[in-house]
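# Breakdown of the fold
Read off the chains here:
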Amino acid sequence: MNRLFDASLLYAECGRCRSPVTFRDPCEVLLWMGIPTDSLGADCLLLYDGCPNCSPGGSLSEPRFVRLRLRGRPQATH
């Protein structure tokens, strides 16, 4: 039995300071990026280049979708 990953559990992190980033609707971000929610898993995250913690007053940049790789497998980013 294959269970779908709940997109609301998708982790988002700042690539500069490694702080967690909160965002309103991960499904909306993924839809905008063209990532189908049925392709998500626990090995996926959104990586931002800066956040309010390390860049006060700045807005969030566009995130990168990252799928963490297992040893011996290439990493995929979109």
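Residues numbered from 1 in each chain as written. Predicted model: local features only at pLDDT ≥ 70, side-chain atom pairs only at ≥ 80, totals over all residues. Heavy atoms only, no water.

Counting its secondary structure elements, the protein contains one helix and four strands. Counting from the amino terminus, helix and strand elements in the protein follow one another as β-α-β-β-β. Put simply, the protein has 78 residues, and 31% of those count as buried. Here the contacts in the protein between residues at least 6 apart in sequence split such that 50% fall between residues at least 24 apart. With an accessible surface of roughly 5800 Å², the protein has 51% of that area assigned to carbon and sulfur atoms. (Helix = DSSP H or I, 4+ residues; strand = E, 2+ residues; numbered from the N terminus. Buried < 20%, exposed > 50% of the residue type's maximum accessible area, 1.4 Å probe, protein only. Contact = heavy atoms within 4.5 Å. Areas by Shrake-Rupley, 256 points an atom, 1.4 Å probe, with all protein chains shown as cover.)

With respect to the helices and strands, Glu13 occurs in strand E1 (residues 11-14). You can call Glu13 buried: its relative accessible area is 16%. Leaving out residues up to four positions away in the same chain, Glu13 has contacts with Arg18, Ser19, Pro20, Val21, Leu46, Leu47 and Tyr48.

Glancing now at the pattern of salt bridges. The final tally for this structure, using the stated rule, is three salt bridges. The shortest N-O distance in the salt bridge between Arg18 and Glu13 comes to 3.5 Å. The salt bridge partner of Asp43 is Arg67, with a shortest N-O separation of 3.3 Å. One end of the pair, Asp43, is in the loop between helix H1 (26-33) and strand E2 (44-48); the other, Arg67, is in strand E3 (residues 64-67), and 24 residues separate them in sequence. Since its relative accessible area comes to 30%, Asp43 is described here as partly exposed. Residue Arg67 is classed as partly exposed on the basis of its relative accessible area of 25%. (Salt bridge = Lys/Arg side-chain N within 4 Å of Asp/Glu carboxyl O.)

The next subject is the pairing of E2. Counting buried residues in E2 gives five out of five residues, a clear majority hidden from the surface. Residues Cys44, Leu46 and Tyr48 point to one face of E2 and Leu45 and Leu47 to the other, with burial holding for every one of them. Inspection of the sheet shows E1 paired to E2 by four bridges, in the parallel sense. Within E2, the residue paired with Cys14 across the bridge is Tyr48. Where E2 meets E3, four bridges bridge the pair, whose relative direction is antiparallel. Bridged to Cys44 within E3 is Arg67. (Pairing = 2+ DSSP bridges.)

Turning our attention to the side chain of Ser19. Inspection of the secondary structure puts Ser19 in the loop between E1 and H1. What makes Ser19 buried here is its relative accessible area of 16%. Among the polar contacts listed, one links the side chain of Ser19 to the side chain of Asn53, at a separation of 2.9 Å. With residues up to four places along the chain from it excluded, the contact list for Ser19 reads Ala12, Glu13, Cys14, Cys51 and Asn53. (Polar contact = N/O pair within 3.5 Å; in protein donor to acceptor, adjacent residues only side chain to side chain.)

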